[in-house]
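If you want the building blocks of each chain, they are given just below.
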Amino acid sequence: MQMIQETADLSAYLAADEVIDHHHPVVRETAARLADGVADSYDYARVAFEFVRDAIPHSQDSGDPRVTWRASDVLEQGTGICYAKAHALAALLRAEDIPTALCYQKFEVVHGLVAVRFHGAWHRQDPRGNKPGVDAQFSLDGERLAFTPDPASNEMDYPVLYAAPHPAVLDALRDAADRPHLWQTLPTAL
């Protein structure tokens, strides 16, 4: 799939905002802890990916009713759905100057993941969290995502690489009182 940058300005994929708040102390402290002893930015990206994938449970899998959307809240509360986990990973990567985009797939609902820029190219990564039937891995040599869309079922990869969360995603997260409410309002398309 040919990915399309929302903006040609790579600095947009390093920016902090209200959601990807990589200037927040909890993000900075987590990034520093993860960076300790890594060999290079690629190794850091893999370690950060594995941390978000494995140490922060997907709230649906764990039964946690809380809805997080800001990266610092995801790290502090230790929970989130795919979008929130993508926000946390983007913040951790941007904190270490690794350009990171938010991207999406369409299944029954929209699924969130990230793309990292290494060696002049974007590489999608899915920190959703593994479980039986899901085995996402950090890779720059071919995608190892949680899910593969089936075009015959009207599923798809959205090609746009966003510098900030898509408004439909952010609105659903912010407006949800809890995860059961969120499940009723998740976007079904972008």
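Being a predicted model, the structure only gives us computed values, none of them experimental.

### What to know about the packing of aromatic side chains
Right, so step 1: A complete count under the given rule lists seven aromatic pairs for this structure.
Right, so step 2: Ring pairs connect the aromatic residues Y42, F49, F118 and F138, which therefore count as one cluster.
Right, so step 3: The cationic tip of R174 hangs over the ring face of W69; the distance from NZ or CZ to the ring centre is 4.6 Å.
Right, so step 4: Positioned above the aromatic ring of W183 is the side chain of R179, whose terminal nitrogen or guanidinium carbon lies 5.8 Å from the ring centre.

### Some thoughts on the packing of helix α1 (residues 25-35) against helix α2 (residues 41-55)
Right, so step 1: For the pair α1 and α2, the least separation of the axes is 9 Å and the interaxial angle reads 120 degrees. By the angle between their directions, the pair α1 and α2 is classed as oblique. As for the relative orientation of α1 and α2, their crossing is right-handed in sense. For the pair formed by α1 and α2, the contact residues are T30, A31, R33, L34 and A35 on the first element and Y44, V47, A48 and F51 on the second.
Right, so step 2: Tallied by class, residues from the contact of α1 with α2 come to seven nonpolar, one polar and one charged.

### Things to note about the sheet that holds strand β4 (residues 121-125)
Right, so step 1: The strand order across the open sheet formed by four strands is β4-β3-β2-β5, and the pairing between neighbours is antiparallel. Edge strands, defined here as strands with exactly one partner in the open sheet, are β4 and β5 (156-157).
Right, so step 2: Examined bridge by bridge, strand β2 (residues 100-106) and strand β3 (residues 110-118) share seven bridges and lie antiparallel to one another. Bridged to A101 within β3 is A115.

### Quick notes on the pairing of β3
Right, so step 1: Of all nine residues that make up β3, eight are buried, and the element is covered over most of its length.
Right, so step 2: Between the end of β2 and the start of β3, which pair antiparallel, lie three residues.
Right, so step 3: Of the pairings in the sheet, the one linking β3 to β4 comprises five bridges and is antiparallel in character. Bridge pairing links F118 to A121 in β4.
Right, so step 4: Linkage of β3 to β4, two consecutive antiparallel strands, is achieved through a turn of two residues, within which H119 is found at a positive phi near 55 degrees.

Cut-offs applied
- Position numbers for residues count from 1 along each chain, tracking the sequence in the order it is written.
- Only residues with pLDDT of 70 or above have their local features reported here, since the model is predicted, and side-chain atom pairs are shown and tallied only from 80 upward, although totals for entire chains, interfaces and linings are computed over all residues.
- Water and hydrogen atoms play no part in the side-chain values, which are based on all heavy atoms of the structure.
- The rule is short: rings of Phe, Tyr and Trp, with Trp giving its six-membered ring, pair when the centres are within 6.5 Å, and they are stacked under 30 degrees, edge-to-face over 60, tilted in between.
- In this scheme, Lys NZ or Arg CZ marks a charge over a ring once it lies within 6 Å of the ring centre and within 35 degrees of the ring normal.
- Note on geometry: axes are lines fitted to C-alpha atoms, helical ones only across the stretch in contact, with angles between N-to-C directions running from 0 to 180 degrees.
- Numbering of helices and strands runs from the N terminus; a helix is a DSSP stretch of H or I covering at least four residues, while a strand is a stretch of E covering at least two.
- For classification, angles of less than 35 degrees are called roughly parallel, those exceeding 145 degrees roughly antiparallel, those between 65 and 115 degrees roughly perpendicular, and all remaining angles oblique.
- Each helix crossing is assigned a hand: it is left-handed if the near helix lies turned anticlockwise from the far helix by less than a right angle, otherwise right-handed if that turn is clockwise.
- Residue contacts are counted whenever heavy atoms from the two residues lie within 4.5 Å of one another.
- Polarity classes work like this: nonpolar for Ala, Val, Leu, Ile, Met, Phe, Trp, Tyr, Cys and Pro, charged for Asp, Glu, Lys and Arg, and polar for all others, with Gly in that last group.
- When DSSP locates at least two bridges between a pair of strands, those strands are taken to pair.
- Per-residue accessibility, obtained with a 1.4 Å probe over protein chains only, is compared with the maximum for each type, and a residue is labelled buried under 20%, exposed over 50%, and partly exposed between these values.

Worth remembering: the numbers are spatial, not functional.
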